[in-house]
Amino acid sequence: MEKEILKVIEQKEREVASLCSELIKRKSENPPGDVSEAAFFVRDLLKEWGLDVKTVEPERGRVNVVAILKGHGEKKLLFNGHLDVVPAGDPKNWKYDPYEGRISGGIVYGRGACDMKGAIASMLTTLSVILEKDVKLGGDLIFHFVCDEETGGQFGTGYLAREGYVSADGCIIGEGSGNSVLGYTLVVAERGVIWAKIKAKGRAAHGSVPMLGDNAILKLMRVIDVIRTLPDMELRIDPEIERLAESSMEYLGPFMRAYKIDPEDFKRNMLRMSVNVGVVRGGTKVNVVPEYAEAEIDVRVPPSVSLEEAINLLRDRIEGTGVPGVELELMATSEPSYQDVSHPFVNFVRRCVEEVTGRSVPLIMMPWSTDARYIRNLGIPTVMLGPLNESPHMANEYVPIRDLVMCAKMYALIALRFLGHEA
Ligand SMILES: [Zn+2]
């Protein structure tokens, strides 16, 4: 039965590509974060297919679709995918309109193709074949298609987790983890995030006599100059995380070199706190000493360092500058997250992926963060498995159809084997 299902999925190229394209057409940029068009499309489809479906909308337009295909046993497997996409930016930078959903030469183009409407299309295709073949699963197959991932997830997966919608024995998130060229990985670790504002207060004065004032911009500059050296600091990293970073580079190394990035730099960046100064504001007029200036910074925190430790480090650095009138205000944070790789679920998924792809599947970490932490925090083993290339968040985002088919096959084998089934 497993073999037959995978064979049928191989013939679903057109179906999976068209699902991906239809999802792309339903624009769901975040910000602003309204995903209702895409969410209602999925909801209606799942209803038509006879699933038990509901929508959870903590704020207008921020819609989550929760669907269950009931099985006859106790086991539960959760597939999670986010419906929101980052803004497309200037359409002039795109070869095709970002929301046309163009399918051409075996590739689907458009915002969200790879991150991650493609994976959602694969999940839906897996489901449609299970239904078409009338497979009776030995447990519940659950789908959460969520909003808000790109802005932190508190209205999406975070909300579902908090409000008791998330219960499963294992979870697959369709975030990018590989492709047919490089092979597939399982992503099991990701960094935490601190978004913060550094606020500097000074005193205004006439621009011709700056010594009568206290220049807030210059104060801010002194602090930024110290903060940006945070990545130089070596942190105490769990050996397991070191090993993951190492195996990540075995996989990502060739990719990095192709883009002229030193793999060692990339690895170092993953195991330390990285800092991006993203926004700077300050001053009112050229001939006035600025009384206020602020900067927004994006600091990433590797697993093995807690968020609290990282925030303390940041505060210490700022205090250490001795610049008076400067304070740190947290805007948003998330803990680093790590899936214990000795959990049987990790190895189970890994073996399924190896069987489908015929290649070895390394466990790796990524420098960014996803919704996984919300689900792991409930004690549910969670890994990331989905199509990945260099295009997410860039112009001309794309996904090859063969990757969509490959992911659908992997999802199918995982579902059939994890839950058990009869024809
Ligand atoms: Zn994503």
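In this text the structure is predicted, and so the values were computed from the model without any measurement.

Quick word on the packing of helix 2 (residues 13-25) against helix 4 (residues 113-132)
(1) Moving on: Across the interface, helix 2 lies against helix 4 with an axial gap of 8 Å and an inter-helix angle of 135 degrees. Between helix 2 and helix 4, the angle falls in the class oblique. When the axes of helix 2 and helix 4 are compared, the crossing they make is right-handed. Residue-level contacts link Glu 15, Val 16, Leu 19, Cys 20, Leu 23 and Ile 24 of helix 2 to Ala 113, Lys 117, Gly 118, Ile 120, Ala 121, Ser 122, Leu 124, Thr 125 and Ser 128 of helix 4.
(2) Moving on: Looking at side-chain class alone, the contact of helix 2 with helix 4 contains nine nonpolar, four polar and two charged residues.

A word on the nonpolar core
(1) Moving on: Among the nonpolar cores identified, the biggest contains 134 residues, and Leu 46, Leu 141, Phe 145, Val 349 and Leu 385 are the most heavily contacted of them.
(2) Moving on: With 15 residues, the single largest contributor to this core is helix 12 (residues 401-419).
(3) Moving on: Taken together, domain 1 (2-189 + 336-422) and domain 2 (192-235 + 272-334) each give at least three residues to this core, which thus spans both.
(4) Moving on: Discounting chain neighbours no more than four positions away, the residues touching Phe 145 are Val 42, Leu 46, Val 63, Asn 64, Val 65, Gly 81, Leu 83, Ile 120, Met 123 and Leu 124.

A word on the coordination of the zinc ion
(1) Moving on: Here the zinc ion is held by His 82 (NE2), Asp 115 (OD), Glu 175 (OE) and Glu 175 (OE), and the distances to it run 1.9 to 2.6 Å.
(2) Moving on: Viewed at the metal, the four donor atoms of the zinc ion are separated by angles of 53 to 148 degrees, and the geometry they form is irregular.
(3) Moving on: Mapping the donors of the zinc ion onto the primary sequence gives the spacing H-x32-D-x59-E. A residue pair is termed long-range when its members are at least 10 positions apart, and His 82 in strand 3 (residues 75-82) and Glu 175 in the loop between strand 8 (170-173) and strand 9 (178-179) qualify at 93 residues. With respect to burial, His 82 and Glu 175 carry one shared label: buried.

Quick notes on the packing of aromatic side chains
(1) Moving on: Summed over all chains, the structure comprises seven aromatic pairs.
(2) Moving on: Taken together, a centroid distance of 5.9 Å and an interplanar angle of 25 degrees make the contact between Phe 143 and Phe 145 stacked. Each member of the pair, Phe 143 as well as Phe 145, is classed as buried.
(3) Moving on: Between Phe 345 and Phe 418, the ring centres sit 5.4 Å apart and the planes meet at 80 degrees, which makes this aromatic pair edge-to-face. With Phe 345 in helix 10 (residues 344-357) and Phe 418 in helix 12, this pair connects stretches of sequence that are 73 residues apart. Here Phe 345 matches Phe 418 in class, with each residue buried.

Looking at the sheet that holds strand 13 (residues 274-282)
(1) Moving on: As summarised here, the arrangement of the four strands in space is 13-14-12-15, forming an open sheet in which the pairing is antiparallel. Since the sheet does not close on itself, it has two edges, and those belong to strand 13 and strand 15 (326-334), each with one partner. When strand polarity is set aside, the average angle formed by the axes of neighbouring strands in this sheet is 20 degrees.
(2) Moving on: Summarising the sheet, strand 12 (residues 192-201) and strand 15 pair through eight bridges and their orientation is antiparallel. From the neighbouring strand, Ile 198 faces strand 15, where its bridge partner is Leu 328.
(3) Moving on: Sitting on the sheet, helix 9 (residues 307-320) is in contact with strand 12, strand 14 (292-301) and strand 15, with an inclination near 160 degrees to strand 15.

Observations regarding the side chain of Lys 267
(1) Moving on: With respect to the element layout, Lys 267 can be found in helix 8 (residues 263-271).
(2) Moving on: If we ignore the near neighbours within four places in the chain, the residues touching Lys 267 are Ala 245, Glu 246 and Met 249.

Focus on a nonpolar patch on the surface
(1) Moving on: Judged by side-chain polarity, Ile 217, Leu 218 and Met 221 come together as a nonpolar surface patch covering roughly 270 Å² of accessible area.
(2) Moving on: Of note, Met 221 is situated in helix 6 (residues 216-227).

How each quantity is defined
Sequence positions are assigned chain by chain, starting from 1 and proceeding in written order. Confidence filtering applies because this is a predicted model: local features only for residues at pLDDT of at least 70, side-chain atom pairs given and counted only at 80 or more, and all residues used for totals across whole chains, interfaces and linings. Side-chain calculation: all heavy atoms of the structure are included, whereas hydrogens and water are not. Between the N-to-C directions of two axes lies an angle of 0 to 180 degrees, each axis being a line fitted to C-alpha atoms and, for a helix, fitted only over the stretch in contact. Going along the chain from the N terminus, every DSSP run of H or I of four or more residues is numbered as a helix, and every run of E of two or more is numbered as a strand. In what follows, roughly perpendicular refers to angles from 65 to 115 degrees, roughly parallel to angles under 35, roughly antiparallel to angles over 145, and oblique to any angle outside these ranges. Put simply, a crossing is left-handed when the front helix is turned counterclockwise from the back one by less than a right angle, and right-handed when it is turned clockwise. Residue contacts follow a heavy-atom distance rule, with two residues in contact if any of their heavy atoms lie within 4.5 Å. Nonpolar residues are Ala, Val, Leu, Ile, Met, Phe, Trp, Tyr, Cys and Pro. Charged residues are Asp, Glu, Lys and Arg, and all others, Gly as well, are polar. Residue types Ala, Val, Leu, Ile, Met, Phe, Trp, Tyr and Cys, when buried and joined through side-chain atoms within 4.5 Å, form a set referred to as a nonpolar core. With a 1.4 Å probe rolled over the protein chains alone, any residue whose accessible area is under 20% of its type maximum counts as buried; one over 50% counts as exposed, and the rest are partly exposed. Domain delimitation follows an automatic or database domain assignment. Only nitrogen, oxygen and sulfur atoms qualify as donors, provided they sit within 2.8 Å of the metal or within 3.2 Å for Na, K and Ca; with water excluded from the atoms, sites may seem incomplete. For four-coordinate sites, all angles between 85 and 135 degrees define a tetrahedron; for four- and six-coordinate sites, opposite donors beyond 155 degrees with the remaining angles between 65 and 115 define square planar and octahedral shapes respectively, and all other cases count as irregular. Pairing of aromatic side chains here covers Phe, Tyr and the six-membered ring of Trp, requires ring centres within 6.5 Å, and sorts the geometry by plane angle: under 30 degrees stacked, over 60 edge-to-face, intermediate tilted. Any two strands are treated as partners once DSSP identifies two or more bridges connecting them. Patch membership needs two things, relative accessible area over 30% and no salt bridge, and members are linked within 9 Å if like-charged or within 5 Å if nonpolar (Val, Leu, Ile, Met, Phe, Trp, Tyr). Note on areas: Shrake-Rupley, 1.4 Å probe, and residue coverage restricted to the protein chains presented here. By convention in these notes, a salt bridge is any Lys or Arg side-chain nitrogen within 4 Å of a carboxyl oxygen on Asp or Glu.

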